[in-house]
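Working through the structure, step by step
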Amino acid sequence: DFSRSVINEVLSSKRKLAIITNNKDEVDLIRDAYSKKDVYVLFSDYHNLQALEKARPNEAAQVFVNLGNDTEALLYVVNFRKYYKKPQLVVSIDNSRLEETFMAAGVTYVVSRNEIASKLVASYIFEPDVAMLNLDILSAAKSTGDHDNQEFQVTANNPYLNKPYMQAFLNLKEKYNAVLLGICKKTNQKLLTNPAHEEIIEMGDYLILMVNGKQKEALEKDFGINQGRIC
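A brief report on the enclosed structure follows. (Residues numbered from 1 in each chain as written. Predicted model: local features only at pLDDT ≥ 70, side-chain atom pairs only at ≥ 80, totals over all residues. Heavy atoms only, no water.)

1. As for the nonpolar core
Grouped together as the largest cluster of nonpolar side chains are 18 residues, with contacts concentrated most on Leu172, Leu219 and Phe223. Elements represented by at least two residues in this core include exactly helix H7 (165-176), strand E7 (179-184), strand E9 (206-212) and helix H8 (213-223). Per-element accounting of this core gives the leading share, four residues, to H7. Leave out the neighbours within four places in its chain, and Leu172 touches Tyr160, Asn177, Ala178, Leu180, Leu209, Leu219 and Phe223. One finds Leu49, Val63, Tyr84 and Val107 within the second-largest nonpolar core, a separate group that totals 17 residues. (Core = buried A, V, L, I, M, F, W, Y, C linked by side-chain atoms within 4.5 Å. Buried < 20%, exposed > 50% of the residue type's maximum accessible area, 1.4 Å probe, protein only. Helix = DSSP H or I, 4+ residues; strand = E, 2+ residues; numbered from the N terminus. Contact = heavy atoms within 4.5 Å.)

2. Some points on the packing of H7 against H8
Two numbers describe how H7 lies on H8: the axes approach to 11 Å, and their chain directions differ by 125 degrees. What the angle tells us is that H7 and H8 run oblique. Along this stretch, H7 crosses H8, giving a crossing that reads as right-handed. Residues Leu172, Lys175 and Tyr176 of H7 form the contact with H8, whose own contacting residues are Gln215, Ala218, Leu219, Asp222 and Phe223. Here the contact of H7 with H8 is built from residues that sort into five nonpolar, one polar and two charged. (Axes fitted to C-alpha atoms, helices over the stretch in contact; angles between N-to-C directions. Parallel < 35°, antiparallel > 145°, perpendicular 65-115°, else oblique. Left-handed = near helix turned anticlockwise from the far one by under 90°. Nonpolar A, V, L, I, M, F, W, Y, C, P; charged D, E, K, R; others polar.)

3. Description of the sheet that holds strand E4 (residues 88-93)
Strands sit in the order E3-E4-E5 across an open sheet of three strands; the sheet is parallel. If you trace the sheet from one side to the other, it starts and ends with strand E3 (62-65) and strand E5 (109-112), each paired once. Ignoring strand direction, the axes of neighbouring strands in this sheet form an average angle of 20 degrees. With four bridges joining them, E3 and E4 adopt parallel strand pairing. Along E4, the bridge assignment pairs Val63 with Leu89. Across the sheet, helix H3 (residues 70-83) lies against E3 and E4, angled at about 170 degrees from E4, the strand it touches most. (Pairing = 2+ DSSP bridges.)

4. Structural notes on the packing of aromatic side chains
For the structure on display, the rule yields eight aromatic pairs. Ring geometry for Tyr160 against Phe223: centres 6.1 Å apart, planes inclined by 85 degrees, an arrangement best described as edge-to-face. Placement of the pair is Tyr160 in the loop between strand E6 (147-153) and H7 and Phe223 in helix H8, with a sequence separation of 63 residues. For Phe223, a relative accessible area of 0% gives the class buried. Consider the rings of Tyr165 and Phe169, whose centres lie 5.9 Å apart with planes at 40 degrees: the pair is tilted. Separated by four residues within a single helix, Tyr165 and Phe169 lie in helix H7, roughly one turn from each other. Take Tyr165: its relative accessible area is 2%, and that puts it in the buried class. In this structure Phe169 comes out as partly exposed when scored by relative accessible area, which is 26%. (Phe/Tyr/Trp six-rings, centres within 6.5 Å; stacked < 30°, edge-to-face > 60°.)

5. Notes on the sheet that holds E6
Taken together, the four strands give an open sheet; going across it, the order is E6-E9-E7-E8, and neighbouring strands pair in antiparallel fashion. Each having just a single partner strand, E6 and strand E8 (191-193) make up the two edges of the open sheet. Strand after strand, the sheet turns through a mean of 30 degrees between neighbouring axes, direction not considered. With seven bridges joining them, E6 and E9 adopt antiparallel strand pairing. Note on E9: the bridge partner recorded for Asn149 is Met210. Sitting on the sheet, H8 is in contact with E6 and E9, with an inclination near 145 degrees to E9.

In structure tokens:
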């Protein structure tokens, strides 16, 4: 169920997926649920890492590992990295104390389900409107009026290249009704939330925006690039 929710969110962002399962019964269910042009499914023993080459993991932007058991996932990540060096790894875990261990094993992004859930529950208790906003913008926009947070890599075509943050902030709000929330700097992968007015937007940076589905299309056209992380 957790993987299915992740799949649906990714597909809402117009991304293609390869799903690897070791349960043969799930293959037909996946094929019935999703279009072949968007989802490729591979039945394989997880531990036969060479067989995973059929899904071409080294050509993927990210690989999401969801095995349901933190210890099993950690062992899998270590072995996976021996064969596949290129893709970024995303792992969801239950025990937040293992985050640094997973990072040391080569995982790019570690998501603690319990930690996120506890923060949302606490937020609903004393700031429910903030919690609803956070949940809303975490979800991919399903319609042109829905808002979500998106990131766009700054290329040579980006009109805000070499411009200060405040100039981009005001222009994006005026032209696209989009809110520039932050910048992820390419030089050190540091996320700057609500940066200083004079912070310069540089080539390769990522602009993090709150935008609706309709304006996302306009931004992609004007920026000359699709939203999302490019590796």
